[in-house]
Amino acid sequence: MSRVRTLEDYHTDYRHSVEDPDAFWAACAEEFTWHKKWDSVRGGEFSPAGASTWFAGAELNITENCLDRHLAQRGNKLAIIFEPNDPRTRHLRLTYRELHTQVCQMANVLKKNGVRKGDRVVLYLPMIPQLAIAVLACARVGAVHGVVFAGFSAHAIADRVNDAQAEFIITADALERGAKQIPVKSVVDEALALCPSVRRVLVVEHTGWPVDMREGRDAWLHDELVGVEKTCPAEPMAAEDPLFILYTSGSTGKPKGVVHSQAGYMVWADYTFRNVFQVEENDVYWCTADIGWVTGHTYGLYGPLLAGGTTLLFEGVPTFPSAGRFWEVIDKHHVTIFYTAPTAIRSLMATPIDNVLSYSLSSLRVLGSVGEPINEEAWHWYHQHVGKGRCPIVDTWWQTETGGIMISALAGITPSVPARAGLPLPGVQPVLLAQDGSEIEGNDQEGYLAIKGSWPGVIRTTWGDHERCQQTYFTPYPGYYFTGDGARRDENGLYRIIGRVDDVINVSGHRFGTAEIENAINQSEYVIESAVVGYPHDVKGQGIYAYVICAGGVPTTDIDVQRAEASIIEAVVAEIGRIAKPDKIQLVSGLPKTRSGKIMRRILRKVAEGETQALGDTTTLLDPLVVDEIVAGRK
Ligand code: WTA
């Protein structure tokens with residue numbers, strides 16, 4: 001039932017999932033361990049706006065489904081392979097039995113430290129096994145995990161900790177990234193000066209970097225683990241209890257805490273993982289995304305473990321110690337399914353071809369792409385040089401809010417065409433909407449991408465502010481989930497994602513709101529006002545272009561320009577992190593504004609893209625001359 005094996009199966013299951021979703025998803029859910037079965041499969045159906053329940057009335061614990069359920073058959077099977085940053089450091093392997101024990105021990109540490117069901121625990125850790133173990137330990141005791149990517153700044157951590165009202169943090173001394181070690185605990189210390197809610201900080205000793213431990217608040221994880229029990233009963237959770245919060249950027253300045261709940265997310269993660277990648281028992285699966293992003297949650301951790309698979313966690317970067325590292329790791333661990341982002345492919349394409357040709361890559365069977373549109377050139381390179389022409393590519397479209405993959409080929413089964421995500425998964429009804437909200441019928445059409453009807457992995461709320469969830473996703477087009485993306489349905493009904501239609505830019509597969517970056521830039525003492533837009537970038541997909549008005553006008557000397565730019569970058573690094581650093585900064589005397597004071601971003605986007613000839617009508621601007629200055633000073 002829950003496994004599509006042929007194109008015919010796909011069409012049958014798709015029809016079944018739409019005509020009788022309750023029966024379809026109930027059959028999928030039967031395969032799991034439940035403390036109590038559900039009273040109803042589907043509820044809410046986006047009415048009132050955003051309302052959705054799945055398997056309401058059921059009780060379960062997702063970690064029993066990730067771990068305990070597999071012990072009898074797969075106790076000695078590898079659950080996690082950990083490949084460290086430095087290839088000279090020994091890798092680590094954990095069987096399902098070992099992982100089960102370590103999760104139980106960590107769960108007991110959490111309990112000992114006062115973590116209770118429903119408490120929020122923020123994890124700020126490198127990509128090491130303890131991150132996976134901590135996530136699962138939270139779920140084991142019923143705490144809500146909030147993983148914050150370890151590239152975010154102290155301010156960004158503080159915002160998230162405060163929004164989630166988290167009382168517990170798990171972190172590490174430092175992380176390794178390529179040739180560098182980067183302190184982690186000290187960033188948390190800086191954040192915690194702004195976070196009165198935090199009572200306890202558990203610290204993983206990873207690199208040996210010296211840290212300050214605050215008496216009464218901070219404890220070493222290895223000390224806490226001494227003598228704890230190796231088993232820990234799993235807390236029974238209601239189907240709709242929150243499982244995790246993951247912050248993501250939208251078109252306003254403040255990131256929102258996307259909340260996923262227990263049962264629907266579990267069924268969705270498992271179903272999509274097994275079907276999209278066509279996973280078999282002996283696969284070694286590697287998703288390169290950090291667990292700090294949703295891809296790492298669903299396809300680095302939960303999906304593979306729910307399916308009883310072997311998942312590889314990698315601490316490092318694709319270019320260390322050389323640009324062949326990905327391929328070396330694939331050969332070393334006989335990876336069969338490889339899932340990465342177009343930006344990584346593009347950055348490796350730019351290096352000498354021998355970096356990939358020196359490896360056999362003969363274990364590979366399926367390739368995946370996620371996070372942004374994959375351009376045809378990158379698709380072909382990936383197909384030819386990595387997949388050696390024999391591995392299907394799945395270009396998977398989805399979002400933090402959708403919990404799992406929505407539109408994608410099922411490997412080797414449904415069509416995989418360059419620059420097309422493909423057909424919707426069973427259970428997903430994509431529609432293209434016109435500006436007035438009417439559905440655009442037929443093929444060879446373009447519109448706003450929305451989803452009709454609920455699916456098990458849909459966002460349940462935004463933490464602490466349900467209205468925001470409703471307003472962002474469900475009220476723009478009543479009855480639909482609005483994705484914020486534009487899409488085209490080609491002549492064969494395959495979907496092609498065009499990109500965001502809101503003020504969100506996608507840099508190397510990471511989402512940032514333009515307002516969020518502007519807020520950060522405006523923290524610089526040099527800055528009066530700024531406007532940020534995305535522009536096409538060869539490697540990152542989109543780059544960040546910032547137009548900035550400085551106090552005292554445009555600086556006239558090189559040294560003043562440099563000072564202002566350095567201060568702007570510093571502000572972004574402090575507020576968000578290095579990942580959101582502008583690629584280009586243009587200091588301007590004014591911004592193109594309408595008479596009502598609205599910034600005309602369309603013009604700024606065109607200039608950033610280099611389309612300075614076709615700026616359209618500028619006569620409604622307050623000061624049309626400012627456009628000439630901006631065009632002349634284009635970076
Ligand atoms: C974009 C990442 C084209 C899209 C899983 C979406 C994609 C946003 C694809 C979500 C794809 C993701 N093709 N665009 N295969 N996958 N996107 O929440 O704009 O980090 O709205 O989730 O990334 O980013 P998020």
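Rules and cut-offs
- Residues numbered from 1 in each chain as written.
- Predicted model: local features only at pLDDT ≥ 70, side-chain atom pairs only at ≥ 80, totals over all residues.
- Heavy atoms only, no water.
- 1 Å grid on protein atoms, 1.4 Å probe; cavity = no way out; pocket = protein on both sides within 12 Å on 5 of 7 lines; lining within 4 Å.
- Points joined across faces, edges and corners; volume = space filled by probe spheres on them.
- Helix = DSSP H or I, 4+ residues; strand = E, 2+ residues; numbered from the N terminus.
- Nonpolar A, V, L, I, M, F, W, Y, C, P; charged D, E, K, R; others polar.
- Buried < 20%, exposed > 50% of the residue type's maximum accessible area, 1.4 Å probe, protein only.
- Polar contact = N/O pair within 3.5 Å; in protein donor to acceptor, adjacent residues only side chain to side chain.
- Expected span 1.5 Å × (residues − 1).
- Contact = heavy atoms within 4.5 Å.
- Near = heavy atom within 4 Å.
- Areas by Shrake-Rupley, 256 points an atom, 1.4 Å probe, with all protein chains shown as cover.
- Pairing = 2+ DSSP bridges.

Participant: Just checking my understanding: could you explain the layout of surface pockets for this structure?
Facilitator: To find the voids left in a structure, one rolls a probe of water-molecule size over its atoms. In this model, the second largest pocket occupies a volume close to 420 Å³. Forming the boundary of the second largest pocket are 23 residues, of which Leu92, Pro129, Gln130, Val204 and Glu205 lie nearest the centre. At the level of secondary structure, the elements contributing two or more residues to the lining of the second largest pocket comprise strand 5 (92-95), helix 4 (96-112), helix 5 (129-141) and helix 8 (221-225). Looking at the lining of the second largest pocket, its residues break down into 11 nonpolar, 7 polar and 5 charged.

Participant: Sorry, what's going on with the environment of Asp173 here?
Facilitator: Of note, Asp173 is situated in the loop between strand 8 (168-172) and strand 9 (174-177). Judged by relative accessible area, which is 1%, Asp173 ranks as buried. C-alpha separation for the pair Asp173 and Val184, spaced 11 residues apart in sequence, amounts to 5.6 Å. Within the structure, the side chain of Asp173 is placed 3.0 Å from the backbone nitrogen of His206, a separation counted as a polar contact.

Participant: Is there a simple way to think about helix 3 (residues 62-74) in this case?
Facilitator: Over its 13 residues, helix 3 runs 17 Å from end to end, which matches the ideal 18 Å to within 8%, given 1.5 Å per residue. Burial in helix 3 covers these residues: Ile62, Thr63, Glu64, Asn65, Cys66, Leu67, His70 and Leu71. Residues of helix 3 that are buried in the fold lie against strand 3 (59-60), helix 4, helix 5, strand 14 (242-248), helix 9 (262-277) and helix 10 (294-306).

Participant: Whenever I open this one, the site of the ligand confuses me. Can you help?
Facilitator: In the neighbourhood of the ligand, 17 residues make up the surrounding shell, with Asp395, Thr396, Thr400, Asp485 and Arg511 lying closest. In this structure, a nitrogen atom belonging to the ligand sits 2.8 Å away from a side-chain N or O atom of Asp395. The side chain of Arg511 places a nitrogen or oxygen atom 2.7 Å from an oxygen atom of the ligand. Protein coverage of the free-state accessible area of the ligand, which is 530 Å², stands at 96%. At the level of secondary structure, the elements contributing two or more residues to the shell around the ligand comprise helix 10, strand 20 (393-396) and strand 26 (495-500).

Participant: Explain the sheet that holds strand 21 (residues 430-433) to me, please; I cannot follow it from the model alone.
Facilitator: In a beta sheet, neighbouring strands are held together by backbone hydrogen bonds and run either parallel or antiparallel to one another. The strand order across the open sheet built from 5 strands is 22-21-23-25-26, with neighbouring strands paired in antiparallel fashion. Edge strands, defined here as strands with exactly one partner in the open sheet, are strand 22 (439-440) and strand 26. When strand 25 (residues 480-489) meets strand 26, the two strands line up antiparallel, connected through 5 bridges. In the strand pairing of strand 26, Arg489 is matched with Tyr495.

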